[in-house]
There are 4 protein chains.
Amino acid sequence: MVPRYARPEMTAIWEPEAKYRIWFEIEAHATQKLGELGVVPESGPKALWDWWATDPKIDVDAIDEKERILKHDVIAFLDWVAEQVGPEARFMHQGMTSSDVLDTTLAVQLSRAADILLADLDDLLAAIKRRAEEHKYTPTIGRSHGIHAEPVTFGLKLAQAYAEFDRCKKRLVAARDEIATCAISGAVGTFANIDPQVEEYVAEQLGLSVEPVSTQVIPRDRHAMFFSVLAVIASSIERLAVEVRHLQRTEVLEAEEYFSPGQKGSSAMPHKRNPILTENLTGQARMIRAYALPALENVALWHERDISHSSVERFIGPDATITLDFALARMTGVIDKLLVYPERMMKNLDKMGGLVHSQRVLLALTQAGITRDNAYRLVQRNAMKVWESDGQMSLLELLKADEEVTAALSNEELEEKFNLDYHFKHVDTIFDRVFG
Amino acid sequence: MVPRYARPEMTAIWEPEAKYRIWFEIEAHATQKLGELGVVPESGPKALWDWWATDPKIDVDAIDEKERILKHDVIAFLDWVAEQVGPEARFMHQGMTSSDVLDTTLAVQLSRAADILLADLDDLLAAIKRRAEEHKYTPTIGRSHGIHAEPVTFGLKLAQAYAEFDRCKKRLVAARDEIATCAISGAVGTFANIDPQVEEYVAEQLGLSVEPVSTQVIPRDRHAMFFSVLAVIASSIERLAVEVRHLQRTEVLEAEEYFSPGQKGSSAMPHKRNPILTENLTGQARMIRAYALPALENVALWHERDISHSSVERFIGPDATITLDFALARMTGVIDKLLVYPERMMKNLDKMGGLVHSQRVLLALTQAGITRDNAYRLVQRNAMKVWESDGQMSLLELLKADEEVTAALSNEELEEKFNLDYHFKHVDTIFDRVFG
Amino acid sequence: MVPRYARPEMTAIWEPEAKYRIWFEIEAHATQKLGELGVVPESGPKALWDWWATDPKIDVDAIDEKERILKHDVIAFLDWVAEQVGPEARFMHQGMTSSDVLDTTLAVQLSRAADILLADLDDLLAAIKRRAEEHKYTPTIGRSHGIHAEPVTFGLKLAQAYAEFDRCKKRLVAARDEIATCAISGAVGTFANIDPQVEEYVAEQLGLSVEPVSTQVIPRDRHAMFFSVLAVIASSIERLAVEVRHLQRTEVLEAEEYFSPGQKGSSAMPHKRNPILTENLTGQARMIRAYALPALENVALWHERDISHSSVERFIGPDATITLDFALARMTGVIDKLLVYPERMMKNLDKMGGLVHSQRVLLALTQAGITRDNAYRLVQRNAMKVWESDGQMSLLELLKADEEVTAALSNEELEEKFNLDYHFKHVDTIFDRVFG
Amino acid sequence: MVPRYARPEMTAIWEPEAKYRIWFEIEAHATQKLGELGVVPESGPKALWDWWATDPKIDVDAIDEKERILKHDVIAFLDWVAEQVGPEARFMHQGMTSSDVLDTTLAVQLSRAADILLADLDDLLAAIKRRAEEHKYTPTIGRSHGIHAEPVTFGLKLAQAYAEFDRCKKRLVAARDEIATCAISGAVGTFANIDPQVEEYVAEQLGLSVEPVSTQVIPRDRHAMFFSVLAVIASSIERLAVEVRHLQRTEVLEAEEYFSPGQKGSSAMPHKRNPILTENLTGQARMIRAYALPALENVALWHERDISHSSVERFIGPDATITLDFALARMTGVIDKLLVYPERMMKNLDKMGGLVHSQRVLLALTQAGITRDNAYRLVQRNAMKVWESDGQMSLLELLKADEEVTAALSNEELEEKFNLDYHFKHVDTIFDRVFG
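Within an unreviewed UniProt entry, the label attached to chain A reads Adenylosuccinate lyase, and the organism entered is Altererythrobacter epoxidivorans. Among the UniProt annotations of chain A, the heading Sequence similarities (unreviewed entry) holds the following wording: "Belongs to the lyase 1 family. Adenylosuccinate lyase subfamily."

Put into structure tokens, the structure is as follows:
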């Protein structure tokens, strides 16, 4: 976790105190049910909840100090709670194993993290939608291979981003669902010393579903899937970030990240406005992608479990969710405040002397009865002249002067092929599909 | 693709002829709809389908030869088809762009590949289920950290694998759904030269859904998600493969890959039966995981598209699906024919002098009123003697001889704690959850 | 391996016949030394070499057929050789294990592959150097963050690429050195049944060094390092490819991939010249990078060896080397024939109204005694006007009209700051460092 | 960075104060040389060094506060220094760009990190060597595929680890060399506003070499190589960790991680001694490997630079080096204090009824004139009986009773084949190669 790429709400999920509070709730709920089942006296859970009702401070340092001696985190925690609660605390953790607590806690943390990320996605989607509607019919050149192709609208670019992040949201909803399971099944998952009803009860209290079969641990394919989905979301962030970076290039300059008055672009070149936010997001996307790998390697634990996944999760649990939260919020800010330059878009669109309309001419020639190959040749020979003139010559004028072309198409027909509106007649259809 | 790790049905999807057949179908369906819309004469699609009805052979070499000259695969194909069909073929591809064909084809190929993989998963699930029921109550030691923990059954191990691959199936169904989209939207996705109805028609004919917004290409977050799901499945294969490898170790030997009579284990050590199939699967899992990475990097294409994804997909499209198909089938074979040794399982379970029952004793002591810490100390001091005797001493006998213990628990109570059945009372519950 | 991204010389290394020829040489050299040591009769090696001297064809199909029955590749091969050579062949493979042959063969294959890659790098370096010298003083704008910064020369861009690939070459020389080891040490690497002198002899004959300690297998950290170096080289290819792609963008167009007359850029837009070679290289770089991952996971083999590395290497051995060979050659072609447009470079350089010289003005103001902060403010206020005019206003003229500026610098001094040559005075120094 | 996996010396390198101290030294050395060259008055560097000589505290909070306003870290730092030093500070940073400072600082940090890691490797090598010599002739069974193969010694296992980490050290020395370069070359690397002599001087003062050609930034292939080498080292750590984990398995138990008296293995199973340190190392290895990926993606910066690498390096710079430092130290501790059980090793070695000697018998039969295939058959049929008896039958006795065998080999000859010392006659040779 890099502090400058972290926001407090997400960070709080991963702080020791938050973790210990979840631990307590799991233990207390479990003891509650054990009491109802008559396994422990009802005085056990009562003592726990009574103490909890006092809103006690969790003394993280004291627990850590115990862990240093005992070399076992859950035992250290239980010892500390026992000191606070008194002898009734001995009914905690009956028949449970540490992983019951640890894995269910991770499920709670990742679910909460997913909730924040889903809210982040909603914010991003809202920002994209607003700007998409604002620029629904703002013409701009569509580019394939970085080369001018045919006109699109800036709104369409954003509609694509919207659809992509909307898919990301659906994936995250599914991944959250997968990760939100509770396991209270004992040392090797057989419920040998604890009734499955305890698991069901704790799951219900925490808003989790029951893990159908655990083996001391919740199986790590769930986590692998979760972090893989974060990696896909990060890649979609990168796509949009790269788009902004391209648009802000000196030669293109169709859009810019918002530039605050106090900001200095460079220590040496005061005129520079660099797309540093989206460059930064590109790097963050690389990190979030990388975190999926060890999650995938974590799946193949030995037999009923080994603990190799644990050190990995201490890194990627916080790092992937905190960084993605930051990245989504930053991207929302970038889109929300993006400076968009429609005039420059039009200027760029026009600069190729009308070459972007060549596809329409080609089609018209074919429809006028010329073979595909011949039509291609006719358009190509004029297009090449425009190209070599660096956009100074006009494709329309050249075509009007080409007798083979005019034998097939009248001047009026040719002119109609250079009308920009032609390209936007289905924008509404696409918007309906996306924002419908 | 490595031929020895490939099966013909999956490989066929990726052969040039299969690809060209899909290309033709897309072009012909699109021309069909263009005819219905009156954009091209009905003679166009008729000529195409008439030719297709003759079940023509696709001359891959001839098309390849054209591509070498034209340096464009789709044009080469269209030229070749035009040679076969005659002048009416000029109505093909009107208003379309190459990517309309290429990307929709990839969608068809990946959907078909997913169908095979789903059938593979069904086979694997069936094999696991059969063996799980066979060994529902076969006792074996549960191990955490590679160390004996408490008893489980071999059926439970397989139930966990079943639940895991069942989740994999659900993920693949979702990923197949995501990948199965059709884009016929023209040069930059605006439908400038082709009616969206064509896309809808082709999608319907091919069993795909419509891509809501494309930009010459189908967005690659869909593919990133697809290959990430394959990576998760591969990791689950690795988990089960590693389990088998562990079970086959000389010192453990609770199960073995089937050993065919003609097979030589080693050129030098004829007695060796090596778990080479599951070791091999471990390596294949590494490959399938690796293929997800470039798929994730493919997402951030430039502007409306660049073609950097294409070379990646020429590798990972076939390699990931063919290898995973092979791996799933191999794993099914391994499970189906796995030699299971219940006697050895019981022998291993017993070898630790009853230490695996220490958890039960600990719990019983606590319930008998001893503090958690004291109970722990009592069990530990006897357990350590057993441990140091390498399983020659019996925990039960030692406990019976420990006065602090017997002050809390009678001999009968102690003996009851060493009863194996105690651990299996919820096996049925778990099986219900998993196989329902 | 994708055939269209493969060249015959590299592919040949990985074909079965090449592999079997290396197998034979290892076996024959080993038998030769065993004969010299008196372990086997001299008639053994003689029979082998006599047969070899007849330049026999390797019947790959026959060996494969044997492998299908025996399920062991080396035994199948030895059987086939024995059929050809006769009873003296029984002295082959004495005291050896299959991995002695397989791992040493892989060492030979990877060394040969490295030799081709080193030659590829030499070709690429030569092409870059030639173009660098051609454009040593061709001015072009340097860009950071995609934004115009200060002038550089196109030769400098290439000098950087040269230095980078020169480092890549050094890394590959070291990696080749690491990978080129010979292990003939028997079943678990103890030389129990074979004298270490045999290993030394075979190593010498094959141009390899001796593996100091093997454990049936050559340790896989060597291979992990090798494929990691290929991944770094691929990333450097990507960097240069991305540079070309940027330069070929419509709005930049300072350079273009060579466009052959017969080539059609797009089925729909005949004017388009797309940087498809470098986009293609970008995708290939992603693949080659991905292949390093399973190589890294291969390191942690179990105990003296498991065979999980083998399936991985069947993929990445050929795929990584063949693809990188192709990519290096393609990149060499791109650079060799790159169309460079110095006029356009100058036009782009000038288009920002002289803003690129602002750093020099800033420095001059500071040196004239103005505080850094004030100098920054003076330059910034004029620079912003130029910026907002989209390069229509001239920074030089604005500065001359700014009294606070002219109080510190004369018109002549200001004009001197806009002289392009100023930036190139150390180009020769840099070229000396790089091409020395 | 996860605090529990961090050691103070390495962490200190990455703390803000350490970074700012390096920044100052770079600026001051550069100003020193600028003074010598007459570019700035000698009073400039003097003022800087005079202030530095007072051993001033770096006020990190004050600099951070400035950065929040200025949104530029280097300018914030220079402002703060200027406040401390007074007007003479304006001569700092003349002709330099922020990246000159940032990239050279990263070079210093990574070099220092590499120095710590090299010392860590020395410690690890020393520990391995000591234990290797201690167990040079401790017999243990060699295993391939997890199956008993032939005898080795425990010292040989460690000799292999020594050789592997010795290679790691050589790689890190080379990677450190690559990363330790200094760039003071101005806005786009042309030295337009600063003499190359400044770069040479600063490099010399900081113990770095000169970057031959930079482009505002030091090229990131150097860093990609550096982090790739860390990934290889991590993989070697994983290999040794996995070995220990295997050896500590209940059924094997040939070695154990040191178990401190106060340590509780599990909250539920007091007898358990889990290899948690090496499991933990396995997870850490996954993380360090993952960090190499974004470093590889960082190579392809746009044009002369973009800043996407920066956020990546804020993560992986500290995280990879701190975690690897911790992992190496932890591994050293594990090896140093590893509990080794030679008796158990011998017991395991013997348990297969002598099957591990079958290779020797096979060889002897061949040398006695029996064809390879027949010898294989003879050994195999007896070996299978032993195998099926679970090691209760003795291969030696069975062979003595097999007439086809005794026709070729006398009882004495057979007995000699079961002598353990036979396998260790070249241990000294291997030790000489490795430790020589």
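A look at the interface of chain B and chain C
Chain B puts 40 residues into the contact, and the matching count from chain C is 40 residues. Sorting the residues of the side of chain B that touches chain C by element identifies α4 (60-70), α5 (73-85), α10 (276-297) and α11 (308-337) of chain B as the ones contributing at least two each. Considering each element in turn, the side of chain B that touches chain C owes the most residues, 13 residues, to α10 of chain B. Here the side of chain B that touches chain C is built from residues that sort into 18 nonpolar, 15 polar and seven charged.

Let's talk about the UniProt feature "domain: Adenylosuccinate lyase C-terminal" (unreviewed entry) in chain A
UniProt records the feature "domain: Adenylosuccinate lyase C-terminal" (unreviewed entry) at residues 353-435 of chain A, using the numbering of this structure. In the segment residues 353-435 of chain A, helix accounts for 63% and strand for 0%; the C-alpha atoms at its two ends are 35 Å apart.

Things to note about the relation of the copies chain B and chain A
Take chain B, turn it by 180°, move it 0.0 Å along the axis, and it overlays chain A with an RMSD of 0.0 Å. Look at the turn and shift together and you get a two-fold axis relating the two. Within chain B, the C-alpha atom positioned nearest to the axis of rotation is that of S228 of chain B, 3.2 Å from it. Comparing contact sets, 100% of the residues at the interface of chain B also lie at the interface in chain A, consistent with an isologous, same-surface contact.

Quick notes on the environment of K157 of chain A
Of note, K157 of chain A is situated in helix α7 (residues 154-179). Separated by 149 residues in the primary sequence, K157 of chain A and P8 of chain A have C-alpha atoms spaced 32 Å apart.

Digging into the interface of chain B and chain A
In this assembly, 68 residues from chain B lie in contact with 68 residues from chain A. At the level of secondary structure, the elements contributing two or more residues to the side of chain B that touches chain A comprise β1 (139-144), β2 (147-153), α7 (154-179), α9 (221-248), α10, α13 (358-367) and α18 (427-435) of chain B. Looking at the side of chain B that touches chain A element by element, the count peaks at 13 residues for α9 of chain B. Here the side of chain B that touches chain A is composed, by residue class, of 29 nonpolar, 22 polar and 17 charged.

Comments concerning the relation of the copies chain B and chain C
Take chain B, turn it by 180°, move it 0.0 Å along the axis, and it overlays chain C with an RMSD of 0.1 Å. The residues that chain B uses at the interface reappear at the interface of chain C in 100% of cases, marking a shared surface.

Analysis parameters
Counting restarts for each chain, with residues numbered from 1 along the sequence as it is written. Chains and ligands are labelled by the order in which they are written, letters from A for the one and numbers from 1 for the other. Given that the model is predicted, a residue must reach a pLDDT of at least 70 before its local features are reported, and side-chain atom pairs must reach 80 or more before they are shown or counted; all residues, however, enter totals for whole chains, interfaces and linings. UniProt positions are given in the numbering used here, feature names are shortened, and annotations may be inferred rather than shown by experiment. By definition, residue pairs are in contact when their C-beta atoms, positioned from the backbone, come within 7 Å. Secondary structure elements follow DSSP: runs of H or I no shorter than four residues count as helices, runs of E no shorter than two count as strands, and numbering proceeds from the N terminus. Residue polarity follows a fixed list, in which Ala, Val, Leu, Ile, Met, Phe, Trp, Tyr, Cys and Pro are nonpolar, Asp, Glu, Lys and Arg are charged, and the others, Gly among them, are polar. The fit set for superposing copies consists of C-alpha atoms from residues with pLDDT of at least 70 in both; the fit itself is least squares.

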